[in-house]
Amino acid sequence: MKQKFTPTLLAAVVASTLSVQAQADIIISQYIEGSSFNKAIEIANTGDSAVTLDGYTLAKSVNGNHLWESKLPLDGITLEAQSVWLVANKSASQAILDVADLVDPSSVTSFNGDDPIALLKDGEVLDLLGLMNDVDFAKDVSLVRNSNAMQPSATYVASQWTTLEKDNIDGLGLLDGGTAPEPFACTQDEQEPVFTSIQTIQGQGATSPFIDGYPYITDEEFFVKGVISAVTTGLTKGFYLQALDDDYDPQTSEGLFVHTNQSSSELQPGDVVCVKGKVQEYYNLTQLKVENNNWVKQGETSAPDASEVVILPEDKTFEDTLERYEGMLVKTTEALDMRVTRTFGYDYAARRNNMVLAQGSVNMHPNQVHPAASVEALQQSADNADRRLFVESDAKAADGQIPYYPEFGRTDIDQDGSTEDYIRIDDSVIGLEGVLSYSYNDYRLIVTNQLSAENFVHNDPRTDSVDIEEGDLRIATFNVLNYFNSPFGGDSNPHGNNRGANNYEEFEIQQEKIVNAILRLDADIIGLMEIENNGFGNSGAIQQLVEQLNQRITNKKEHYDFVALDSNGDKRIDENDYVGTDAITTGVIYRSKVVKLKTPRVIPMPSQQAPEVLDDNGKVIEDGKNYQRDTLAPTFKVKGSKETLTVAINHFKSKGSKCWEDAAPVEQGGQGGKDLDQQGSCENFRVAAAVALGEALKEIKGHKVILGDMNSYGMEDPMLVLTDYSAEKYGKSIKAARNTYIAGEPQFGDEGAVIEQNYGYINAVTMKHPDSWSYSFNDEVGALDHLLISPSLKAHFVDATDWHINGGESTLFDYNDEYKGDMPKYNDHFRSSDHDPAVLELKMAGSFGLGGLMAMLGLVAWRRRR
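Residues numbered from 1 in each chain as written. Predicted model: local features only at pLDDT ≥ 70, side-chain atom pairs only at ≥ 80, totals over all residues. Heavy atoms only, no water.

**Here's the deal with the overall build of the protein**
Reasoning step 1: Helix and strand content of the protein: 14 helices and 53 strands.
Reasoning step 2: For the protein, the spread of C-alpha atoms along the three principal axes comes to 100 × 65 × 65 Å.
Reasoning step 3: A total of 866 residues make up the protein; the buried ones form 57% of that total.
Reasoning step 4: Side chains of the protein carry 72 positive and 132 negative charges; the gap between the two charge centres is 10 Å. (Helix = DSSP H or I, 4+ residues; strand = E, 2+ residues; numbered from the N terminus. Buried < 20%, exposed > 50% of the residue type's maximum accessible area, 1.4 Å probe, protein only. Lys, Arg positive; Asp, Glu negative; His and termini not counted. Charge placed at Lys NZ, Arg CZ, Asp CG, Glu CD.)

This is the structure in structure tokens:
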């Protein structure tokens, strides 16, 4: 416990004020939220007598969730009159620990600027610091209680606290309140100040003309006058000023952000404000940085109307367009054509929920339609960055809620089991209003109005069935997003772990969504990915899924069967027959009415057994041991014909974890940890898998379809190898990974291999829909799931497409409970996975006997009967 032995005049004033109080006040007096673990809370006894803190508790509400789950009881502590008591994080700086009375044994001092702190008395809030609902009220700052606010308050008032820079611990451990600033007078030498216009501060370029390099802030302070268009206290702390007079220059913005670093404000849109501050380029955002509350309301007028964003002919890029509106209140229009390129969901970079728009079209992954590392792919990447606009809420969104779209996911007016209020990728957003800010190298629109379904034009609307030209044999892919039944009575997998539903209620929703989607998919052969690898017994995942499907199909002739394998060699197919060693695997279900299983088959995929990669300190950064999931490749006979068809279902190595080539230094033949061509990790290892697959399928007679999650966008190296690669055509060399083995036999040695051949398969979806996509990552879309057909099937090809029921939908519609809050759950087929199904239609003139043959000959009109 610390006491101040040299009272200042301020402390004396405080003491004289408290002498007339009937009882002492116990309050939170200082808060440190510094770098790393420099975190501390100071409480004070401002009275004239000692207080024993029995019944008092210091508490934290994590992310402002309205619960006081982290608590530090203060029973037994006696706090002397006019003194303070300090608790510090155990990993705080020595300067903080030197004045601490207690090193925190709880987690109360593990806060992050968005965790309110309270002093509880007998369980009730006595004094509160901070705002609820995950608002960054005090991130990277120190707060000191002002001397005129030394009474406890169950309501947080930001103006009662003085804000200091990060890691400033002045006065910590001493009862010495912050000094409330004198009211700001909008005068200059006791005269009306000379105002600088907002347009002059913004200038015609990307930065303010008042800024000339480091430190990107002026020494001079400027007086500015304007009308408030928005007040923000979360994502940005301050207010946005709009010019009172238009300069009629489209190259200069009419708006300016005023940074006050305060998490609350009494100002409102329409208030006319005089403000004094320094011009600053803060990470490329032109703003006025204001200290000591140097602003004053001088009147009121009509709140500014949002300006329509207009692209001018002289704008070379969309960023040029947005720069002209920086700091302004703007709105989207039909002519501007802003498309959703990532639906509302969690942004791991910003650590908050938001949405991303792109001007003109969705952002296609650079390698979807252009070869990786090509000039065109690099230009696509640059174009994506230019057209990107983040849509933010000022306060962090609560779980399951879009702050500016309150009805999102909440309505089911026609009671069909699906909501009418949804947002999908490629939706046009019209009438969205907000102030335009800039941070993390992107423009961000902080929304100020509320939206409804009418603000979204569904250019790619939801559908209940696949829109495709029909043949007589339908083949499809379906990723079942970790369908695991082992925690709920199913057999165990080789690892004994669970990647799927966390509880039975989640599993029921997951199962219903998958079953509904597959029934509507209405395919004759379906390749499954991410199904639990727990055998083919009565309690296996694939057995349960097929049973659930067949229970809903009244016509037994339309029932599904699944491909089972005897991997143990004991001639008995059971729960111990695993395909590979991973917890997930691939599977095949089919209609025995249409095709007959001739040969169940597994094609082993390569493993990598390369040397360890060490850093400069000898630490292993990649162990060189990497594995692929084996390919399930059964051969079917198409009923009513002599045609055989082999369907190879794949799930290639993911892009997330590194392989040897990613981690190894450039001088050793690796990439030095860089992903310059945006193929993600392990593309060389996936190339080795493509070669293994292509070679194995050469030995199998008949038609062939390669399908599944190749973890490769449409024009990445593994896809080129399987289709039409040549060095001359693509102007690039493709290399397979080193030290790969197939079923224990060497595939490629220490040098890997330069691949010079291709396997001639045809990408069925892109043949009809070259710009199609089925997966969304960050704000770019592309296809990882593919249907490749052998040239022999080109004569039988009818159509192929991606069915957009998953990739374009918000993650808030999936089966998982996390981050959903009280949002309703739906058992419909939307967001049954994170990958869209790819669908292929063939006309084999055999599936339905004579009628199919006659249709192929053009003698009768043919339609599938389902």
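**Some thoughts on the sheet that holds strand 50 (residues 780–782)**
Reasoning step 1: Taken together, the three strands give an open sheet; going across it, the order is 24-50-49, and neighbouring strands pair in mixed fashion. The two strands at the open ends of the sheet, each matched to only one other strand, are strand 24 (363–364) and strand 49 (775–777).
Reasoning step 2: With two bridges connecting them, strand 24 and strand 50 associate as parallel partners. Following the sheet pairing, Asn363 is matched in strand 50 by Glu780. (Pairing = 2+ DSSP bridges.)

**Quick look at the environment of Gly47**
Reasoning step 1: Counting through the fold element by element, Gly47 comes out in the loop between strand 3 (39–45) and strand 4 (51–52).
Reasoning step 2: Judged by its relative accessible area of 1%, Gly47 falls in the buried class.

**Side note on the side chain of Glu558**
Reasoning step 1: For Glu558, the location among the structural elements is in the loop between helix 8 (541–551) and strand 32 (560–562).
Reasoning step 2: Among the polar contacts listed, one links the side chain of Glu558 to the side chain of Lys593, at a separation of 2.7 Å. (Polar contact = N/O pair within 3.5 Å; in protein donor to acceptor, adjacent residues only side chain to side chain.)

**Observations regarding the sheet that holds strand 39 (residues 625–627)**
Reasoning step 1: The antiparallel open sheet is built from four strands, whose spatial order is 39-36-45-46. With partners counted over all chains shown, the strands left at the sheet margins are strand 39 and strand 46 (745–748), one partner each. In this sheet, neighbouring strand axes are inclined to one another by 30 degrees on average, regardless of whether the strands run parallel or antiparallel.
Reasoning step 2: Of the strand pairs in this sheet, strand 36 (residues 607–609) and strand 39 are connected by three bridges, and their pairing is antiparallel. By the bridge assignment, Gln609 is partnered in strand 39 with Lys625.
Reasoning step 3: Its contacts with the sheet place helix 10 (residues 683–698) against strand 36, strand 39, strand 45 (740–742) and strand 46, and it is angled at close to 115 degrees to strand 46. (Axes fitted to C-alpha atoms, helices over the stretch in contact; angles between N-to-C directions. Contact = heavy atoms within 4.5 Å.)

**So, unusual backbone geometry**
Glycine aside, residues mostly have negative phi, and peptide bonds are mostly found in the trans state.
Reasoning step 1: Going from Tyr214 to Pro215, the amide bond is cis rather than trans, its omega being 10 degrees.
Reasoning step 2: Following the sequence through the fold, Pro215 ends up in the loop between helix 3 (198–202) and strand 14 (217–233).
Reasoning step 3: One non-glycine residue, Tyr440, lies in the positive phi region at around 50 degrees.
Reasoning step 4: Within the secondary structure, Tyr440 sits in the loop between strand 27 (433–439) and strand 28 (442–447).

**Examining the pairing of strand 25 (residues 388–392)**
Reasoning step 1: Here strand 25 lies mainly inside the structure; five of its five residues are buried.
Reasoning step 2: Alternating positions in strand 25 separate into two faces, Arg388, Phe390 and Glu392 on one and Leu389 and Val391 on the other, with burial throughout.
Reasoning step 3: Relative to strand 25, strand 23 (residues 352–359) runs antiparallel, the two sharing four bridges. Its bridge partner being in strand 25, Val356 is matched across the sheet by Phe390.
Reasoning step 4: In this sheet, strand 28 lies alongside strand 25 in parallel orientation, the contact comprising three bridges. Bridge pairing in strand 28 places Phe390 opposite Arg444.

**Here's the deal with the side chain of Glu323**
Reasoning step 1: Here Glu323 is to be found in helix 4 (residues 318–323).
Reasoning step 2: No salt bridge is formed by the buried Glu323, whose closest oppositely charged neighbour, Arg324, lies at an N-O distance of 9.5 Å. (Salt bridge = Lys/Arg side-chain N within 4 Å of Asp/Glu carboxyl O.)

**What to know about the packing of aromatic side chains**
Reasoning step 1: This model, assessed by the stated rule, comprises 24 aromatic pairs.
Reasoning step 2: With 6.3 Å between their ring centres and 35 degrees between their planes, Tyr504 and Phe507 make a pair best called tilted. Residue Tyr504 and its partner Phe507 are both found in helix 7 (residues 504–521); the two are separated by three residues, about one turn of the helix.
Reasoning step 3: A relative accessible area of 42% places Tyr504 in the partly exposed class.
Reasoning step 4: Take Phe507: its relative accessible area is 2%, and that puts it in the buried class.
Reasoning step 5: One aromatic cluster in this structure is built from Tyr405, Phe408, Phe456, Phe813 and Tyr826.
Reasoning step 6: Sitting above the plane of the Phe390 ring, Arg444 keeps its charged end 4.2 Å from the centroid.
Reasoning step 7: One cation-aromatic arrangement involves Arg462 over Phe813; the distance from NZ or CZ to the ring centre is 5.3 Å. (Phe/Tyr/Trp six-rings, centres within 6.5 Å; stacked < 30°, edge-to-face > 60°. Lys NZ or Arg CZ within 6 Å of the ring centre and 35° of its normal.)

**Topic: the nonpolar core**
Reasoning step 1: Ranked by internal contacts, the top residues of the largest apolar core, which has 66 residues, are Phe478, Leu528, Ile589 and Leu840.
Reasoning step 2: In contact with Ile589, other than residues within four places in its own chain, are Ile518, Asp524, Ile525, Ile526, Leu528, Ile542, Val546, Leu549, Tyr560, Asp561 and Phe562.
Reasoning step 3: Core analysis: the next-biggest nonpolar cluster, separate from the first, contains 42 residues, Leu432, Val435, Val447 and Leu451 among them. (Core = buried A, V, L, I, M, F, W, Y, C linked by side-chain atoms within 4.5 Å.)

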